[in-house]
Amino acid sequence: MSTKTEPYVTQDTPLVIGDRTFRSRLMVGTGKYRDNASMVAAIRASGADMVTVAVRRVDLDRSKEQAILHHLDPEEFFLLANTAGCYTAEEAIRYARLARAAGFNEWIKLEVIGDEKTLLPDVQATLEAAHVLVDEGFKVMAYTNDDLIMALRLEDAGCVSVMPLASPIGSGLGLVNPFYIREIKDRLQVPVIVDAGVGTASDACATMEQGVDGVLMNTAIAAADDPVAMAEAMRLGVRAGRLAYLAGRMPRREIAVPSSPTRGMLD
Amino acid sequence: MTDQAKDTIALVVNGKDRRIARGATVRKLLDDLELLPGMVVVEHNREILPRERYDEVELEDGDRLELVHFVGGG
């Protein structure tokens, strides 16, 4: 009787943030699409179940086409409101409270911007706002720099997830500091979601290969020539990077090692 | 004082001046603007107004309102 060994296939665990389980490790934004139909098609193609939205004044002249809820079903997608565009802790707290009053959930993607040119986060103000919002019962997912100490402080403040950037918002520069991202992932207990900077599918893959729990992106999909195709590419890139991480990559060597036997060559 | 000024009050809605009939409620303002109450969040003089109070809160001269909703964002 011959013995047959099953190939070992690594199983992934579901992504749990706070008290919620998500199917996808890719989260996507809803901004900057050419039209609402391509936004919805791209989000579906991405496989994301968490999507981000912004809080803004109703444009009283043309409210119908603007409101995201006319196009996205909150039963189908988990809406994560952001505090994008806020430059102070007070402002971010005000936007978070307005978002919660919309009545969907008490989650907030906290971002406090510190500089108009780079859109890099004001981490001090972010931490200050995080403390207030966690006290008020918010589930805070905090956008931050790729800085370990600040990531640890945000975790200590009670954030359900810490979201370091890959590179500046909307830059598409990809993962500029894999070492710092790995360090943050190694040291935090809460899920680490890399937010901002991914430009194309290989960036998403390389980011997931660092072992982080997920990736959040918007412009890379919305600003592609074909957002739906890019969304599919991102879904696959995130999946590939996650599997490669779980599979455990071979060690890097600075010398070549032949793949075929060196013995058995002809005279 | 003109008739209009007597019968109406001045508001600032999303940063713009607007007049509405004296005694109008927040609900009346939303109806005038053709906004569904479930689709917006109202901040009334910097305080978030719970939806169940839209019908009861009467607007006063000089009130500042912010009507916000979710739009596309990253």
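Check the entry above for the structure.
Notes on the structure in this doc start here. These numbers were taken from a predicted model, which means no experiment stands behind them.

1. Topic: helix α9 (residues 227–247) of chain A
Residue and element names in this part refer to chain A.
Consideration 1: With 21 residues, α9 should cover 30 Å at 1.5 Å per step; its first-to-last C-alpha distance of 30 Å lies within 8% of that length.
Consideration 2: Every buried residue of α9 is listed here: Pro-227, Met-230, Ala-231, Met-234, Gly-237, Val-238, Gly-241 and Arg-242. Each buried residue of α9 lies within a common arc of 125° when the element is viewed along its axis, so the set occupies one face.
Consideration 3: On its buried face, α9 sits against β3 (26–29), α1 (36–46), α7 (201–208), β10 (214–217) and α8 (219–222).

2. Topic: the packing of α7 of chain A against α9 of chain A
Residues and elements named next belong to chain A.
Consideration 1: Where α7 meets α9, the axes come as close as 7 Å, and the angle between the chain directions of the two elements is 25°. Viewed along their axes, α7 and α9 adopt a mutual orientation that is roughly parallel. Crossing of α7 over α9 shows right-handed handedness. For the pair α7 and α9, contact is made by Ala-201, Ala-204, Cys-205 and Met-208 and by Met-230, Ala-233, Met-234, Gly-237, Val-238, Ala-240, Gly-241, Arg-242 and Tyr-245, respectively.
Consideration 2: Grouping the amino acids of the contact of α7 with α9 by side-chain chemistry returns ten nonpolar, two polar and one charged.

Reading the values: the criteria
- Residues numbered from 1 in each chain as written.
- Chains lettered and ligands numbered in written order.
- Predicted model: local features only at pLDDT ≥ 70, side-chain atom pairs only at ≥ 80, totals over all residues.
- Heavy atoms only, no water.
- Helix = DSSP H or I, 4+ residues; strand = E, 2+ residues; numbered from the N terminus.
- Expected span 1.5 Å × (residues − 1).
- Buried < 20%, exposed > 50% of the residue type's maximum accessible area, 1.4 Å probe, protein only.
- Arc of directions from axis to C-beta.
- Contact = heavy atoms within 4.5 Å.
- Axes fitted to C-alpha atoms, helices over the stretch in contact; angles between N-to-C directions.
- Parallel < 35°, antiparallel > 145°, perpendicular 65-115°, else oblique.
- Left-handed = near helix turned anticlockwise from the far one by under 90°.
- Nonpolar A, V, L, I, M, F, W, Y, C, P; charged D, E, K, R; others polar.

These figures capture arrangement, not role.
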